[in-house]
Amino acid sequence: MIEPTQIIEESDREMTIKWSDNSETTYNAAQLRRACPCAGCINEWTGEKMLNDASIPDDLSINRTAVVGRYALNFHFSDGHETGIYSFAYLRKIA
């Protein structure tokens, strides 16, 4: 499995993950928020996306990032949303 070797908070709106295969991915806050995998944003029974992407402003920021175990990150966004757990596998998938 490809794992992060370094997580860099570039600013309050952008972060970069360097991966074990020597690639790197830069994410912005709005992109991450629109891809939130939580049950409030994705129907956990059907997989249907419930979040309206247009409701997320492009100037959204990340107030805080937390590591979840050894497998994921949790972001606290400036719109108050903080329930998504972004596994490293999911982050790699949306890269």
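Just above sits the structure.
Everything numeric here is computed off the predicted structure, so don't read it as measured data.

Caption draft 1: Region of the structure containing the overall build of the protein chain. Summing up its helical and strand segments, the protein chain has two helices and six strands in all. If you list the helices and strands of the protein chain from N to C, you get β-β-β-α-β-β-β-α. Its C-alpha radius of gyration of 13 Å places the protein chain within 12% of the 12 Å reference for a compact globule of 95 residues. Counting across all 95 residues of the protein chain, residues that qualify as buried make up 34%. Partitioning the contacts of the protein chain with sequence separation of at least 6, the portion at a separation of at least 24 is 34%. A total accessible area of about 5,700 Å² is found for the protein chain, and carbon and sulfur atoms account for 46% of it. For the protein chain, the distance from the average site of its 9 positive side-chain charges to the average site of its 14 negative ones is 3 Å.

Caption draft 2: Spotlight on the state of the cysteines. Inspection of every chain in the model, using the stated rule, returns zero disulfides. Unpaired in this structure, Cys38 has its nearest cysteine sulfur neighbour in Cys36, at a distance of 3.7 Å. For Cys38, a relative accessible area of 8% translates into the label buried.

Caption draft 3: Up close: the pairing of strand β4 (residues 62–68). Here β4 pairs with strand β5 (residues 72–77) via six bridges, running antiparallel. Counted as the bridge partner of Thr65 is Phe75 from β5. In this structure, the hairpin formed by β4 and β5 is closed by a connection of three residues, where Gly69 is found at a positive phi of approximately 55°.

Rules used in this analysis
Residues numbered from 1 in each chain as written. Predicted model: local features only at pLDDT ≥ 70, side-chain atom pairs only at ≥ 80, totals over all residues. Heavy atoms only, no water. Helix = DSSP H or I, 4+ residues; strand = E, 2+ residues; numbered from the N terminus. Rg over C-alpha atoms; globule rule 2.2 N^0.38 Å. Buried < 20%, exposed > 50% of the residue type's maximum accessible area, 1.4 Å probe, protein only. Contact = heavy atoms within 4.5 Å. Areas by Shrake-Rupley, 256 points an atom, 1.4 Å probe, with all protein chains shown as cover. Lys, Arg positive; Asp, Glu negative; His and termini not counted. Charge placed at Lys NZ, Arg CZ, Asp CG, Glu CD. Disulfide = S-S within 2.5 Å. Pairing = 2+ DSSP bridges.

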